[in-house]
Structure formats: structure tokens, C-alpha cells
Amino acid sequence: MGCGSSLSIHKNKIVDSTATSNTSIFKSSKLSSINKSAEKREENFEPFTLACLGKNFDENDPDLRSVINYICCFNDSDQCEEFLKDTNRKTGIFLIVSYQYLTNLISHIHELPQILAIYIHQDDKTKHIDKHWTKRYSKIKGVYFDRESLLEQLSWDVKISLNIHDLVPISVYSRIDAIQTSNNSTDHLRFLFYQLFIQQYCLNSSKTLTNHDFLKFAQKYYHANRKESKLIKQFINECHSPKDLFFWFLQNSFLRRMFTQSLLTLDIQLLFFLRYFIHDMHSYMVEQATNSNQRSNYGAARSNSTRLTSEKVFYRGQALAKDTFLKIKSNIGEMLSMNNFVLASKNRQDCLANLRQNVSTTNLVVRVLFEIKIPWEYSQQKQRPFIDLDQSSSDDDIYSTVFFIGSIFRINTVEFDINNDCWTIQLTLYDEKNNQDFSQVFTFLNNFKSVSTQNATTPANLLRQISPNSAEQFYKYLLKENDESLSKIECYRGLGLCSYANNDYGQALSYFEKALQYKPTDKLTKSTLHNSIGLVYARQNQNEQALNHFNKALEYTSLPLHSACIHHNLALIYSQQEQYEEELEHYEQALKLRTQQLPSQHLQLASLHNNIGIAYSDMHDYDNSLSNLKTALEIRLKLLSDSHIDVARSYANIGTVYSKTQEFRMALDYFTKAHLLLEKQTQLPEQDIEQLKKNIKIVNDKLRRKTY
């Protein structure tokens, strides 16, 4: 058997195709399982969790629940540590720990980004805790002998954390990410989703939005919490206008905490309940901004585009997850959106002092000061207003300004301030009326002024590529609210793709077939449904059924890029059947179509050249194989970082072909390059590394035999 018989070669996988996007058949967004004890608990609808380790704590303690509603108590240090390290729990954690557990736990969990503060409870004053030891851990707030002082400190820290910790989902819109769809970045999709959801479903909704569903939901959730239940009743009695709602938001109440958590976790049910909140906050802020503009412009005519008379600068200090920080730092000149209502201050020194006092930097958390500039030519808009606060009405004296949810900023600079031991991120509030460099983005957003049959599912389709589980909630909501056949077809197709992403192929097939039962008249819709059904059968290794539906999909479409995706899928089925001539024919059709539609340097063209090279290799045409594989490598090196996994796989594929032509030194050179890159990957399947090591061993053995 030849030396290349056991060598692995990396082929791009089957893709789904729609008019706007491609989705890999093997891509999965399935969530990791959580521990069994956590599964029994109700879901947490607040951004904070209180964990208690010791024998004297009770999850139903009314005093503790008055501060943080969601409490988990442990008597076993190992179980507590497992809970604290569970990354599926999307909340910040405050930890109360009895002194006897300190040395076995703190060093293991202190650096976790989800741990916000630690409180040592000591009921035996005769026991001595080394103060020098506790000072080594910046998150330890102190040693507490009585409940009152502990609760007082905990309450204060929770209040501060609501403003200063990483509770604002930030989405960076990178123009490079938007066109390079195979780099696995979804941040530009998050940017578009939040903007469209706010615009379509909150500000321009055709339905009357009320607080009824939200209050019913909140009453059920807080039924065992006396403090919050009382506040909900007070809210019902006192909150009668957008102005009332605005000042309730400024308080540390159930409303703000639940809203924040719904944004962080993309809880669609809760977000839909809270649409009235976004709508009414917007009404109040626009009214206040308009009145402020009129006053500052000495009675100028009412106008929503009144310009400022001078530049304004605001500051916001907060903790930021390191991956978010690095994303911002690497996208100078691009846009970001802050997807929550954001409080800021006019006083830089107050923000810096607050930051130093309340945020500890770790390997995964960065201390940052946002410096937000609003240029004098900025046009105050209805879409994303900002307003000054009446200082006496705010719980948080340092904050003087509120920016509307989804406010968009340009990233200007990211610099380290050595004097204040923090990073300064300078932003400018973006005004699309005075800038044209992101005109395509705003043209896209402005095409969705209101919810209609044609665009109702667009936010859900974006969300599906970010979080299939959240998108599933969205599609089901739309099915309840919309009786039109076209919308139902799109919803069932979307549900099918969500199930497909979670590897539930039986359910996916059921949804796709249900969509076809509505007999879509649009040919492209028919084509995408048959293509999706073909994907399911391909994933189940039912190749004949897959071929049948891919061919039907091809019959119904003339859209070039969609046709190219279907040809790509057909080629991969023929590859599995070892019908290499048919495989090559469909790849070349796909390449021809994509070459006509895409720039010459595009990752989809690289993928096709890669697969064409593999097909030629299977047909023993090694010259054409190497030519195409090297073309794929050249494109990838121009568009991707030289440490990207696809670059590594290109090296490995070229090495495999050289091994087949018995050019073992060339093969070893390319395999070694691939191995060096793959070793840098943090989430690479172990079998890829093992296969490459096996390939290198085979080639080295062949070289030794040649030598001797």
C-alpha cells in the first residue's frame, strides 16, 4: 500500500444556502451540559448569583434574598467549586464563605471572571485569620463576624456592580468580519440583531405594548421574595408614565436587573415582555432631548436634527471581559454598539476613583475607562437619544447622562493609562447623517422601518447564527403572532435550521417538511427548503435522498451564489460515493458561478480551490491538485492570519499530495508548518493533531528508508 494511504486530507464541508448566508452542516451550537444539582433549580432572571459555602446558610433566607434573589448554598467545598467554575451560568457571582473553607477554595477560584466579590464569614472570634493572606486576594471584601455588616457591604457592592461590572453587551461591527463569513465571528450579526430588534419590535411595533405580561412574569418569579414582591406592588401603583418608568430604571430594582439579564442571555421571552419598557424609555428620552435642544438653542424651531453648540465629553469606568476588550482594541476605526441603557459621567476623576476602588484586574478581566465624545456637529436624533440627568433624582451621584440602548460609537483609540492603571477607550458617538463610511450598514437597517411579512423574520434569522436556542424562541413567538403563510414558511424553516444546528435531525426534517406543506410559490424558497432537507439526509448518510433534494433545489433557483452552494453540496455527496468526475464537475460549476459574483480574493473561492485540489488528488492528477491547493493557500494567507486553522489545513493538504508523489522532503516541510500552527490552536479536535503526527511519522519513515 502506498505511503499516502493513511494520510488525512481536510475537505470543506457541506453548506446550507440562503439568499444571504451559508451555514456549515457540521457547525453545532449545542450547549454543554450543566451539573445535575443546577438543573433542578429554577432559571435565574437576574445578572447576579449569591453562592454561600458553610453550614449556617439557607437558600430561602429573606435577608439574603432581599439583596440577591438567586442563592445557592453548599456544605461541600468541591461541589461549590464545581458550581463556581460552570461557565454556562451567565451571571456574576458574589461568594460568602465560612472561614474554615478558605484555604481549600480561594486560590482555586479567585481569578475566575464570574467571581465579583468574596466575603469571609467568621462566627468564632477566637479563630485567627491572617490579614496578610487575605490581602493577596483583591476580591476579598473583608472578614465579617455579624450578619448586619456583611449584608450592608453586600448590598452596597451589588448596587455598585450593576453600573460598573461587565453587564452591557457590546457588539463590534467590523467591516472585515462582515465580508469574511468563514472566520466564525458573529459580532457583526449581534450588532445588526440588537439594532433591528429595537427598531422593528420596540420602537416601530404595530402592536400596543403594555407591561401586563412582564409584571405577571415578575410576580411569579419573585413570589418567594418578600422585598421584591412588595416593590412590584409599589411599581404597579406608582408607575403610570414614561417619566415614572425612567426613574424606576435608575434604581437598583427588579426591573433593571431583569432587563439587563434578558439582554446578556438573549432571553427572547423576557425581551418580548420588556418591549414596552424600551418603547416608553425612548419616548421619555426623546422628549427630554428635544426640550434640552430647544433650551440650548435659545428657542430655535423644534427639530430632531438640532446640532450641539459645542463638543461634549462623558466618561464611564467599568470592568470588561478580556475577549471583548481585545475585539475593541483590534478594530480601531470600526463601530460598536452598547446594547443596554448606559450611564455615564461628566467627571473623569470620579469615574477613575470608582474604577480603582471597585474593579480588580485579572487575566480575564480588564479595567477600562470609556471616554465618549459627542462632536458639536452631532445631530440629536430620535433613533438613539441621550439625555442629562437631574442629579437629585439618581441613586448614583457620579452619573450625569443616560445613553439609549443600542447607541452606536466609532472606536477612535485604545491606550493604556499607566498613571491610573487602566485602559482608556476613546469613542465618538456616531452620526450616520454626517458620515458615509458605514452607509451600507445604515441603508440595510433603514430598509426595516417596521415589521412586515417580508422582513418579520430577519432579526430571528440573524439570531439563529448567534444562538439557535434563542432564535427558536423567536420563531415560535412569530408563529403565534402571525397567520400569514409566507411568515409561517420562514418560521418553520428557521426552526428546522435551529434543530439542525443542535443535531436534532429528526425534528429538523419535520420542520422543513411542514414548511413545504404550505406550498411556497416563490421558487427560491422552494429551493432553500429542498437544499435544507438535502442537508439533513446528508448528515444522516442517506446519500440518495440527499442527491434527490439537492437536484430539486437546483431546479428551482437561478440565483448564482445559491446555485453555487447547491453544486458544492452535490460535489461533496459524490465525493462520499467516490464518484470523483461528478464531484469535480460540480465543484467547477460552483467555482465558475462564485468567480462571476465574488472578488478574486475571497474565502469561498479558497474553499472551492481547496476541494477541487482534493478531487484531483483522488483522481491521481497531482499537478492540477497542487495548483489548486496552492491557490487556496495563497488566498487564505492574504485574508486570514498566518496562524489560522484553515491555513494550517492548507499546508497539511499540500503535504499530503507531495507524499503521494513521493516528494517526501517537500511533504515533511508542509506537514511541519501545519503542525506548528495547529499546536497554537486552543479548541482543535485532538484527532486532527494525532492524524498530523501520524502523517509526519509516515513521511519520516519513508525518508529513512530512502536514505538507507
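Residues numbered from 1 in each chain as written. Predicted model: local features only at pLDDT ≥ 70, side-chain atom pairs only at ≥ 80, totals over all residues. Heavy atoms only, no water.

Points about the pattern of salt bridges
Rules: One speaks of a salt bridge when a side-chain nitrogen belonging to Lys or Arg is within 4 Å of a carboxyl oxygen belonging to Asp or Glu. Only protein chains enter the calculation, and the probe is 1.4 Å; a residue is then buried if its accessible area is under 20% of its type maximum, exposed if over 50%, and partly exposed in between. Helix and strand definitions here come from DSSP, where helices need a minimum of 4 consecutive H or I residues and strands a minimum of 2 consecutive E residues; each element is numbered from the N-terminal end.
What the rule picks out here adds up to 17 salt bridges. Salt-bridge contacts for Glu-81 lead to Lys-85; the nearest nitrogen and oxygen are separated by 2.7 Å. Given a relative accessible area of 38%, Lys-85 falls into the partly exposed group. In this structure, the salt-bridge partner of Arg-348 is Asp-417, at a minimum N-O distance of 3.4 Å. With a gap of 69 residues between them, Arg-348 in helix H16 (residues 348-358) and Asp-417 in strand E15 (residues 407-417) connect regions that are remote in the sequence. According to the relative accessible area criterion, Arg-348 is partly exposed, its value standing at 25%. By relative accessible area, which is 13% here, Asp-417 ends up buried.

Remarks on unusual backbone geometry
One non-glycine residue with positive phi stands out, namely Lys-519, at about 50°. As for its position among the elements, Lys-519 is in the loop between helix H21 (505-517) and helix H22 (523-539). Residue Lys-519 is classed as exposed on the basis of its relative accessible area of 69%. Phi at Glu-578 is positive, roughly 60°, even though this residue is not glycine. Among the secondary structure elements, Glu-578 is positioned in the loop between helix H24 (560-576) and helix H25 (580-597).

Details of the sheet that holds strand E13 (residues 386-388)
In plain terms, the rule: Pairing between strands requires that DSSP locate at least two bridges from one strand to the other. All axes here are fitted lines through C-alpha atoms, helices being fitted over the stretch that makes contact, and every angle between N-to-C directions spans 0 to 180 degrees.
Strand order in the open sheet formed by 3 strands is E11-E14-E13, and the pairing between neighbours is antiparallel. Edge positions in the sheet fall to strand E11 (342-344) and E13, since each of these pairs with one other strand and no more. Each strand of the sheet is rotated relative to its neighbour by a mean of 20°, with strand direction disregarded. As paired strands, E11 and strand E14 (residues 401-403) are joined by 3 bridges and run antiparallel to one another. Bridge pairing in E14 places Ala-344 opposite Thr-401.

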